[in-house]
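Next come the chains, spelled out residue by residue.
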Amino acid sequence: MNLGIIATLAYGIITLIGGIIGYVTAGSNVSLFSGSISGLLLIFAAFVQIQGETWGLILAAVVTAVLLVVFAFRLAKTRKFMPAGLMTVLGMLTLAVIVNQLTTLRS
């Protein structure tokens, strides 16, 4: 299992758990649905990568990039590190690992 798979799986689990926590603490249905959908997509992408399919890595990059934009805007709006700042930093790290993995595969 390479670092791209681990990063995708970890970010997916964190996103899924974060959506559930957002629902439990703030009653946010949006957090629950968006966290669940994006988290499950990332976990699915990790399992597709394990099967050797490169499109799983591309799916992970797209979902992570979308989440990164969403959380960056939320961080700019609220100026609160939790949860938007943390998810922005984790998203940047995850996307960097995924892009690195993609460039390694293309070479």
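The following paragraphs examine the structure supplied in this document. (Residues numbered from 1 in each chain as written. Predicted model: local features only at pLDDT ≥ 70, side-chain atom pairs only at ≥ 80, totals over all residues. Heavy atoms only, no water.)

## Section: the overall build of the protein
And then number 1: A tally of regular secondary structure across the protein gives four helices and zero strands.
And then number 2: For the protein, the succession of helices and strands along the chain, N to C, is α-α-α-α.
And then number 3: For 107 residues, the compact-globule formula gives about 13 Å, and the C-alpha radius of gyration of the protein, at 14 Å, lands near that figure.
And then number 4: Across its three principal axes, the protein shows a C-alpha extent of roughly 45 × 25 × 15 Å.
And then number 5: Counting only residues that meet the buried cut, the protein has 36% of its 107 residues in that class.
And then number 6: Relative to all contacts within the protein whose residues are 6 or more apart in sequence, the contacts with residues 24 or more apart total 59%.
And then number 7: Of the roughly 6,300 Å² that the protein leaves accessible, carbon and sulfur atoms contribute 74%. (Helix = DSSP H or I, 4+ residues; strand = E, 2+ residues; numbered from the N terminus. Rg over C-alpha atoms; globule rule 2.2 N^0.38 Å. Buried < 20%, exposed > 50% of the residue type's maximum accessible area, 1.4 Å probe, protein only. Contact = heavy atoms within 4.5 Å. Areas by Shrake-Rupley, 256 points an atom, 1.4 Å probe, with all protein chains shown as cover.)

## With respect to helix α1 (residues 3–26)
And then number 1: With 24 residues, α1 ought to run about 34 Å at 1.5 Å a step, and its terminal C-alpha atoms sit 33 Å apart, in line with that.
And then number 2: Burial in α1 covers these residues: Gly4, Ile5, Ala7, Thr8, Tyr11, Gly12, Thr15, Gly19 and Gly22.
And then number 3: Those residues of α1 that are buried are in contact with α2 (29–50), α3 (55–78) and α4 (81–106).
And then number 4: Between a side-chain oxygen at the N-terminus of α1 and the backbone nitrogen of Gly4 the separation is 3.1 Å; the capping residue is Asn2.
And then number 5: At the C-terminal side of α1, Gly27 shows a positive phi close to 70°. (Expected span 1.5 Å × (residues − 1). Polar contact = N/O pair within 3.5 Å; in protein donor to acceptor, adjacent residues only side chain to side chain.)

## Description of the environment of Gly56
And then number 1: Within the secondary structure, Gly56 is located in helix α3.
And then number 2: Sequence separation between Gly56 and Leu42 is 14 residues; the distance between their C-alpha atoms is 8.7 Å.
And then number 3: Excluding residues within four positions of it along the chain, Gly56 makes contact with Ala45, Val48 and Gln49.

## Some points on the side chain of Gln101
And then number 1: Relative to the elements of secondary structure, Gln101 occurs in helix α4.
And then number 2: Using a relative accessible area of 16% as the deciding quantity, one classes Gln101 as buried.
And then number 3: When near neighbours in sequence (up to four residues on either side) are disregarded, Gln101 contacts Asn2, Gly4 and Leu57.

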